[in-house]
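So the chains spell out like this:
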Amino acid sequence: MKGVVDVANKNVNKILRKMVDNYKQWHEKLPFALLGYRTTIRTSSGATPYLRVYDTETVIPFKVDITSLSIIWSRYEQLALIDGKRMNAVLKQKGSSHLTSKALTWFTEY
């Protein structure tokens, strides 16, 4: 059992090293490192340590800013428009007439 604890401690230590710039800050980042360790799926068991202990999956709370979602959606729409224009250019270059205008509209909308 000591080997399992040593491996877990080593992994948490690796996570902390990546998160902390100054060794004096480790105690501030420890809860986040433990959350990351406990909610990561282990390849050997196919489950998270949290699931094995509490018999339920973790629900990680996070805050979503609505303005950021609208920015993401507008960027998605821009990329879809660019994708549609690129598809039109490729079809015109190949001289393909087998796609109808309705299909081209679908490409630009989705």
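Residues numbered from 1 in each chain as written. Predicted model: local features only at pLDDT ≥ 70, side-chain atom pairs only at ≥ 80, totals over all residues. Heavy atoms only, no water.

Asks: An account of the overall build of the chain is requested, with residue identities and associated values reported.
Replies: Counting its secondary structure elements, the chain contains five helices and zero strands. When the elements of the chain are put in sequence order from the N terminus, they spell out α-α-α-α-α. Buried residues in the chain amount to 10% of all 110 residues. A fraction of 17% describes how many contacts in the chain between residues 6 or more apart in sequence connect residues 24 or more apart. (Helix = DSSP H or I, 4+ residues; strand = E, 2+ residues; numbered from the N terminus. Buried < 20%, exposed > 50% of the residue type's maximum accessible area, 1.4 Å probe, protein only. Contact = heavy atoms within 4.5 Å.)

Asks: Kindly report on unusual backbone geometry, identifying the contributing residues and their values.
Replies: Positive phi values are uncommon outside glycine, yet Asp55 reaches one of about 60 degrees. Of note, Asp55 is situated in the loop between helix H3 (49-54) and helix H4 (66-94). By relative accessible area, Asp55 is classed as exposed at 67%.

Asks: So, helix H2 (residues 26-38): which residues are in play, and what are the values?
Replies: At 3.6 residues per turn, the α-helix brings residues three or four places apart onto the same side. For H2, built from 13 residues, the straight-helix expectation of 18 Å at 1.5 Å per residue is met to within 8% by its first-to-last C-alpha distance of 17 Å. If you look at H2, its biggest bend is around 25 degrees, right at Phe32. (Expected span 1.5 Å × (residues − 1). Bend = angle between axes of the 7 residues up to and from the residue.)

Asks: Can you lay out the layout of surface pockets for me, pointing to particular residues and giving the numbers?
Replies: A volume near 170 Å³ is recorded for the largest pocket. Together, Pro31, Leu35, Tyr37, Arg38, Pro49, Tyr50, Val53, Tyr54 and Thr58 line the largest pocket. At the level of elements, H2 and H3 are the ones that each hand at least two residues to the lining of the largest pocket. When grouped by side-chain class, the residues that make up the lining of the largest pocket number seven nonpolar, one polar and one charged. (1 Å grid on protein atoms, 1.4 Å probe; cavity = no way out; pocket = protein on both sides within 12 Å on 5 of 7 lines; lining within 4 Å. Points joined across faces, edges and corners; volume = space filled by probe spheres on them. Nonpolar A, V, L, I, M, F, W, Y, C, P; charged D, E, K, R; others polar.)

Asks: Please provide a residue-by-residue account of the packing of helix H1 (residues 2-19) against H2, values included.
Replies: At a closest axis distance of 9 Å, the pairing of H1 and H2 adopts a crossing angle of 120 degrees. In this view, H1 runs oblique relative to H2, as classed from their interaxial angle. For the element pair H1 and H2, the recorded crossing hand is right-handed. From H1, Ala8, Asn11, Val12, Ile15, Leu16 and Met19 reach across to H2, where they touch Trp26, Lys29, Leu30, Phe32, Ala33, Leu34 and Tyr37. (Axes fitted to C-alpha atoms, helices over the stretch in contact; angles between N-to-C directions. Parallel < 35°, antiparallel > 145°, perpendicular 65-115°, else oblique. Left-handed = near helix turned anticlockwise from the far one by under 90°.)

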